[in-house]
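Here is how the chains run, residue by residue.
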Amino acid sequence: MFSDLIQSVADQFAKNLPFVIYRKPKEQNVHAIFQEDDQVNYVKNFDESGFVFAPFDKSNSSILIPADKMSEAFYESNEIKKNSNVVLSNSSDQQQEFHLDLVKKGIQEINSGTFKKVVLSRILVSKCETSPFILFQNLLDHYSTAFCYLWYHPKVGMWLGATPEILLKTENQRLTTMSLAGTQKYLEDQVPDWGKKEIDEQQLVTSYISEALKPSLSNLNISERESVRAGNLWHLRTKLTGTFDKGNLESIIQALHPTPAVCGMPMNDAKNFILNSEGYDREFYTGYLGELNFKKETDRSSSRRNQENKAYKTIKITTTLFVNLRCMQMKEKLALIYIGGGVTKDSDPLKEWQETVAKSTTMLQVLALD
């Protein structure tokens with residue numbers, strides 16, 4: 001039962017031991033992984049198996065909770081009506097002014113040729129005395145199409161979120177990734193009308209990812225652009241698929257992360273501007289997280305021509321990683337909500353600020369559900 005799973009996670013938290021509990025998009029089973037000591041384990045070569053939690057700055061190490069002790073339970077989401085009284089932002093005028101100036105500086109660097117795009121972010125601090133386990137259930141109820149998680153390590157901290165963006169998914173040597181960019185508020189019964197800024201921004205991301213993957217993938221296929229909904233927001237998405245050689249997963253992840261959708265392009269120039277100009281440490285925001293090298297057993301029936309029709313099992317190695325967006329970090333009785341947006345030559349600083357305000361509602365809505 002789900003209540004038993006939550007109690008096991010709560011007991012793990014009471015012991016001050018690492019855990020992660022999560023649900024994949026459009027699934028009903030919730031998974032939990034428990035670590036039996038408080039050691040900080042790091043990913044060394046991406047041959048490991050476990051739940052990986054990686055920072056934005058890939059010069060810092062990625063953390064691994066080994067897949068030693070696992071559990072899962074079915075969870076039926078409860079219907080939740082949006083709270084119309086949610087406070088959209090409690091940011092100060094000073095915070096708004098800083099972000100507007102930051103966007104202006106980004107546009108200046110674009111116009112001077114330093115980079116073509118940069119993703120700039122900020123932190124919104126909100127009081128929160130609600131149990132993280134209740135917040136996690138709020139995420140499950142409110143964001144069925146997102147990857148919902150609650151992650152904790154006593155030597156690192158506690159994070160939770162509901163992200164709509166896949167970094168990559170592999171099944172044996174088959175890989176799928178996506179280009180996700182552009183943002184509009186969801187309005188009931190209305191189809192999003194995308195402008196030149198959003199379309200160009202998303203195309204930049206698609207082109208960058210396809211070029212980054214070409215050396216590592218064969219049979220690369222790029223889908224048509226489509227509109228996808230994530231909570232109260234619309235985004236533009238393109239899927240990319242292909243096949244890769246064994247032992248090549250690390251180089252693919254290094255090529256993809258951080259993507260232009262969370263950093264910019266060219267990556268190194270945009271990243272240096274972010275690290276030197278945002279005024280805070282993103283830590284795990286716009287990093288990635290998820291299952292690394294999990295074994296998946298599938299029962300299949302042999303050919304119908306076989307009269308005995310004996311069942312047999314196939315074992316697949318799967319990796320499913322998500323970009324850590326729409327997330328917050330819990331510190332004592334505060335929730336640190338991380339929000340950002342892509343800046344291009346056509347960006348308007350005030351509209352970029354308003355986009356971060358719209359994106360903040362994902363986590364603020366969760367805090368306001370009780």
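Residues numbered from 1 in each chain as written. Predicted model: local features only at pLDDT ≥ 70, side-chain atom pairs only at ≥ 80, totals over all residues. Heavy atoms only, no water.

Asker: How would you sum up helix α1 (residues 2-14)? Please name residues and give values.
Answerer: With 13 residues, α1 should cover 18 Å at 1.5 Å per step; its first-to-last C-alpha distance of 18 Å lies within 8% of that length. The secondary structure elements touched by the buried residues of α1 are β1 (19-23), β2 (29-34), β5 (69-74) and α3 (132-142). Of the residues flanking the end of α1, it is N16, one or two places downstream, whose phi is positive at about 60°. (Helix = DSSP H or I, 4+ residues; strand = E, 2+ residues; numbered from the N terminus. Expected span 1.5 Å × (residues − 1). Contact = heavy atoms within 4.5 Å.)

Asker: I'd like a rundown of a positive patch on the surface, residues and numbers included.
Answerer: Where like charges cluster on the molecular surface, the positive patch consists of K26, K169, K239 and K296. Note that K296 resides in strand β15 (residues 288-301). (Patch = residues over 30% accessible without salt bridge, like charges linked within 9 Å, V, L, I, M, F, W, Y side chains within 5 Å. Areas by Shrake-Rupley, 256 points an atom, 1.4 Å probe, with all protein chains shown as cover. Salt bridge = Lys/Arg side-chain N within 4 Å of Asp/Glu carboxyl O. Lys, Arg positive; Asp, Glu negative; His and termini not counted. Charge placed at Lys NZ, Arg CZ, Asp CG, Glu CD.)

Asker: Tell me about the environment of I199, residues and numbers included.
Answerer: Mapped onto the elements of the fold, I199 is located in helix α4 (residues 196-213). Taking the C-alpha atoms as reference, I199 lies 44 Å from S3; in sequence the two are 196 residues apart. In this view, I199 contacts W194, R225 and L236; residues no more than four positions away in its chain are not counted.

Asker: Talk me through the sheet that holds β1; I want residue IDs and the actual numbers.
Answerer: With antiparallel pairing, the nine strands of this open sheet are ordered in space as β5-β2-β1-β7-β8-β17-β18-β6-β14. For this open sheet the edge positions go to β5 and β14 (264-265), each flanked by a neighbour on one side alone. Across four bridges, the pairing between β1 and β2 is antiparallel. Across the sheet, residue I21 finds its bridge partner in β2, namely A32. Lying on the sheet, α3 is in contact with β1, β2, β7 (147-153), β8 (157-163) and β17 (327-331); it crosses β7 at an angle near 160°. Helix α6 (residues 267-277) rests against β6 (117-127) and β14 of the sheet, and its axis sits at about 35° to β6. (Pairing = 2+ DSSP bridges. Axes fitted to C-alpha atoms, helices over the stretch in contact; angles between N-to-C directions.)

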